[in-house]
Amino acid sequence: MENNCIYLDNNATTKVDPAVVEAMMPYITEYYGNPSSMHTFGGQVSKAIRQAREKVAALIGAEESEIIFTSGGTEGDNAAIRAALQAQPQKRHIITTQVEHPAVLNLCKQMQNQGYEVTYLSVDSRGQLDLHELEAALTGNTALVTIMYANNETGVIFPIEEIGKLVKEYGAIFHVDAVQAVGKIPLNMKNSTIDMLSMSGHKIHAPKGIGALYVRRGVRFRPMLIGGGQERGRRGGTPNVPGIVALGKAAELELLHIEEATARERRLRDRLEKAIINTIPDCEVNGRGTERLPNTTNIGFKYIEGEAILLLLNQHGICASSGSACSSGSLEPSHVLRAMGLPYTTLHGSIRFSLCRYTTEAEIDAVLGVLPGIIERLRAISPFTNDEAGWLQEQEQVLAHR
């Protein structure tokens, strides 16, 4: 397969940094001992895990003992939510938002089936929360508030510390899915209200299948995976040593490059947005007007289908997305954009470009060189040329209530 594509889908996954590959390879080919073994051959592997844990902790401003290695963001979210509920069995209320990742939303729906009350906070047209709605939902029965740091589709950043202060007033546990935020936003758990935080390696140029969960010291935590005494008894199973070493190296590199990379990504993202808005009529940035991740833009093109845009971009070797990779394969519009109340004529024509530190000026130029023609071509064959497609929205509402 050719891999010379223009890759602007970094919120789905990222290229593994060559330095990360170099760091992990010896633990596949040479240092393959089990870190739980008593002998020296295994002991040197245990040392590498400890060093990786220190690097991950440094990236988010935590203590080494507060880091649990996981298989990724989904496991981290599940482990945190289940542990929070098990720690407070007398409390039966969960608060989350309508725009969370499926790893959180689907588990919350499952907990509803087990008798928990779940409040799903709404967002406004910019994708932002109303903290008054959160405060009104909090009660002494609230066990857990689980809210993402930044939205994976729009890049909208939530006021996490303000949220955390409210949560603490009611004695609930505060979990944050920071899969998209880690490496893009400076984090310091030492000065944070966050009790548990999930992250995933493949979003920061490490391989897939490795992640970490931060658990603040003193927070009660029961393991989801029961086995041996690995991870200080908090996550059973033989550690994924190559993955852990890779995550440690990736964390080290993210911390080293975070200021330079985020400034550069923001500049390229803003240039892409401005050019699209100025050259293509009837389009808008979803989430504009609120704080967003520096690498992410989600743009709605009226009167056409996002999937058609992506297919034509793909013919030019350009990779983008219509939303969460974990929801791909469905023709349903994004639950995030639905929650924002976007009009039907924009909802189906929204696509996401997400950049990384490898993105170049030339790649942005290439996208801008072909995208206006793609949109013009699709609108020329679209049966809708204005907002009189309201009857389609009515049909959608009829189907939704069947």
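Rules of the game
Here the residue index of a chain counts from 1 through its sequence in written order. Residues qualify for local features only when their pLDDT is at least 70, as the model is predicted, and side-chain atom pairs are given and counted only at 80 or more; totals for whole chains, interfaces and linings, by contrast, use all residues. Excluded from the side-chain calculations are hydrogens and water; all other atoms, namely the structure's heavy atoms, are used. Put simply, DSSP H or I for four residues or longer makes a helix, DSSP E for two residues or longer makes a strand, and each gets a number counted from the N terminus. Under the scheme applied here, a residue whose accessible area is under 20% of the maximum for its type counts as buried, over 50% as exposed, and between as partly exposed, the area being computed with a 1.4 Å probe on protein chains only. Two strands pair under a simple rule: DSSP has to find at least two bridges between them. Lines are fitted to the C-alpha atoms to define the axes, a helix being fitted only along its stretch in contact, and any angle between axes, read from their N-to-C directions, falls within 0 to 180 degrees. Whether two residues are in contact is decided by their heavy atoms, any of which lying within 4.5 Å being enough. In plain words, nonpolar cores are sets of buried Ala, Val, Leu, Ile, Met, Phe, Trp, Tyr and Cys residues tied together by side-chain atoms within 4.5 Å. The reported arc concerns the directions from the helix axis to the C-beta atoms and nothing else. Salt bridges are defined as contacts in which a side-chain nitrogen from Lys or Arg sits within 4 Å of a carboxyl oxygen from Asp or Glu. Roughly parallel means an angle under 35 degrees; roughly antiparallel means over 145; roughly perpendicular covers 65 to 115; every other angle is labelled oblique. Take the far helix as your reference; a near helix turned counterclockwise from it by less than a right angle gives a left-handed crossing, and one turned clockwise gives a right-handed crossing. Ten residues, namely Ala, Val, Leu, Ile, Met, Phe, Trp, Tyr, Cys and Pro, are considered nonpolar, four, namely Asp, Glu, Lys and Arg, are considered charged, and the remaining ones, Gly among them, are considered polar. Two joining distances apply to patches: 9 Å for like charges and 5 Å for nonpolar side chains (Val, Leu, Ile, Met, Phe, Trp, Tyr), and every residue must have over 30% relative accessible area and no salt bridge. Only the protein chains shown count as cover for residues, and all accessible areas are computed by the Shrake-Rupley method using a 1.4 Å probe. Within 3.5 Å is the distance limit for a polar contact, defined as a pair of N or O atoms, with the added protein rule that one can donate a hydrogen and the other accept it, and that residues adjacent in sequence qualify only through two side-chain atoms.

**Here's the deal with the environment of Asn191**
Piece 1. For Asn191, the position within the fold is in the loop between strand 6 (173-177) and strand 7 (196-200).
Piece 2. For Asn191, a relative accessible area of 65% corresponds to the exposed category.
Piece 3. Once the C-alpha coordinates of Asn191 and Ala62 are considered, the two residues, 129 residues apart in sequence, prove to be 9.4 Å apart.

**Describing the sheet that holds strand 7**
Piece 1. With respect to topology, seven strands assemble into an open sheet ordered 2-8-7-6-5-3-4, the strand pairing being mixed. The two strands at the open ends of the sheet, each matched to only one other strand, are strand 2 (67-70) and strand 4 (117-121). Averaged over all pairs of adjacent strands, the angle between strand axes in this sheet comes to 20°, irrespective of strand direction.
Piece 2. Of the strands in this sheet, strand 3 (93-97), strand 4, strand 5 (142-146) and strand 6 touch helix 5 (residues 102-113), which is tilted by about 145° from strand 4.

**What about the nonpolar core?**
Piece 1. Among the nonpolar cores identified, the biggest contains 67 residues, and Ile60, Tyr149, Phe158 and Ile163 are the most heavily contacted of them.
Piece 2. If we ignore the near neighbours within four places in the chain, the residues touching Phe158 are Thr97, Val99, Glu100, Val123, Gly127, Gln128, Leu129, Ile147, Met148, Tyr149 and Ile163.
Piece 3. If you look at the next biggest cluster of nonpolar residues, it comprises 27 residues, including Leu8, Ala320, Phe353 and Ile375.

**Things to note about helix 10 (residues 306-315)**
Piece 1. Listed in full, the buried residues belonging to helix 10 are Gly306, Ile309, Leu310, Leu312 and Leu313. Buried residues of helix 10, seen end-on, are gathered within an arc of 165° and therefore sit on one face of the element. Of the exposed residues in helix 10, those oriented more than 90 degrees away from the buried face are Leu311 and Gln315.
Piece 2. The secondary structure elements touched by the buried residues of helix 10 are strand 10 (296-301), strand 11 (318-319), strand 12 (350-354) and helix 13 (361-380).

**What to know about the pairing of strand 10**
Piece 1. Most of strand 10 sits out of view: six of its six residues are buried.
Piece 2. Both faces of strand 10 are covered, namely the face carrying Thr296, Asn298 and Gly300 and the face carrying Thr297, Ile299 and Phe301.
Piece 3. With five bridges joining them, strand 10 and strand 12 adopt antiparallel strand pairing. Note that in strand 12 the partner of Asn298 across the bridge is Arg352.

**Details of the pattern of salt bridges**
Where charged atoms from two side chains of opposite charge come close, those side chains can pair.
Piece 1. With the rule as written, the count across this model stands at 17 salt bridges.
Piece 2. Among the ionic pairs, Asp9 bridges to Arg352, the shortest N-O distance being 3.1 Å. Taken as a pair, Asp9 in the loop between strand 1 (6-7) and helix 1 (18-24) and Arg352 in strand 12 lie far apart in primary sequence, 343 residues in all.
Piece 3. Through salt bridges with shared partners, a single network forms among Arg53, Glu64, Glu231 and Arg232.

**Some thoughts on the packing of helix 9 (residues 241-279) against helix 13**
Piece 1. Between helix 9 and helix 13, the shortest axis-to-axis distance is 10 Å and the interhelical angle comes to 15°. Considering their axes alone, helix 9 and helix 13 lie roughly parallel with respect to each other. When the axes of helix 9 and helix 13 are compared, the crossing they make is right-handed. Across the interface between the two elements, Arg267, Leu268, Arg271, Leu272, Ala275, Ile276 and Thr279 from helix 9 touch Glu361, Ile364, Asp365, Val367, Leu368, Leu371 and Pro372 from helix 13.
Piece 2. For the contact of helix 9 with helix 13, the per-class residue count stands at nine nonpolar, one polar and four charged.

**Section: unusual backbone geometry**
Piece 1. Although it is not a glycine, Arg232 adopts a positive phi angle of roughly 55°.
Piece 2. Here Arg232 is to be found in helix 8 (residues 230-233).
Piece 3. You can call Arg232 partly exposed: its relative accessible area is 47%.
Piece 4. Located in the positive-phi region is Tyr303, a residue other than glycine, with phi close to 75°.

**Some remarks on a nonpolar patch on the surface**
Piece 1. Together, Val21, Met25 and Ile28 give the surface a local cluster of nonpolar side chains, amounting to about 230 Å² of exposed area.
Piece 2. Its location among the elements puts Val21 in helix 1.

**Considering the side chain of Glu254**
Piece 1. Checked against the element boundaries, Glu254 lands in helix 9.
Piece 2. Among the residues examined, Glu254 registers a relative accessible area of 8% and is labelled buried.
Piece 3. Apart from residues no more than four positions distant in its own chain, Glu254 is found in contact with Leu59, Gly183, Ile204, His205 and Arg357.

**Here we look at the environment of Glu153**
Piece 1. Tracing the backbone shows Glu153 in the loop between strand 5 and helix 7 (160-169).
Piece 2. Among the residues examined, Glu153 registers a relative accessible area of 2% and is labelled buried.
Piece 3. The spatial distance from the C-alpha of Glu153 to the C-alpha of His101 is 9.5 Å, given a sequence separation of 52 residues.

**Things to note about the side chain of Gln128**
Piece 1. With respect to the helices and strands, the residue Gln128 is situated in the loop between strand 4 and helix 6 (131-137).
Piece 2. Only 3.1 Å separates the side chain of Gln128 from the backbone oxygen of Ile157, close enough to count as a polar contact.
Piece 3. In this view, Gln128 contacts Ser122, Val123, Val156, Ile157, Phe158, Pro159 and Thr290; residues no more than four positions away in its chain are not counted.

**A look at the sheet that holds strand 9 (residues 283-285)**
Working definition: the strands of a sheet are paired by backbone hydrogen bonds and lie parallel or antiparallel to each other.
Piece 1. With antiparallel pairing, the three strands of this open sheet are ordered in space as 9-10-12. In this open sheet, the two edge strands, each paired with only one partner strand, are strand 9 and strand 12. Taken over all neighbouring pairs, the strand axes of this sheet differ in orientation by 25° on average, direction set aside.
Piece 2. Inspection of the sheet shows strand 9 paired to strand 10 by three bridges, in the antiparallel sense. When the sheet's bridge partners are listed, Cys283 is paired in strand 10 with Phe301.

**A short note on the pairing of strand 6**
Piece 1. Among the five residues that make up strand 6, five are buried, leaving the element largely enclosed by the rest of the structure.
Piece 2. What you see with strand 6 is no split at all: Ile173, His175 and Asp177 on one side and Phe174 and Val176 on the other are buried throughout.
Piece 3. Here strand 5 pairs with strand 6 via three bridges, running parallel. From the neighbouring strand, Leu144 faces strand 6, where its bridge partner is Ile173.

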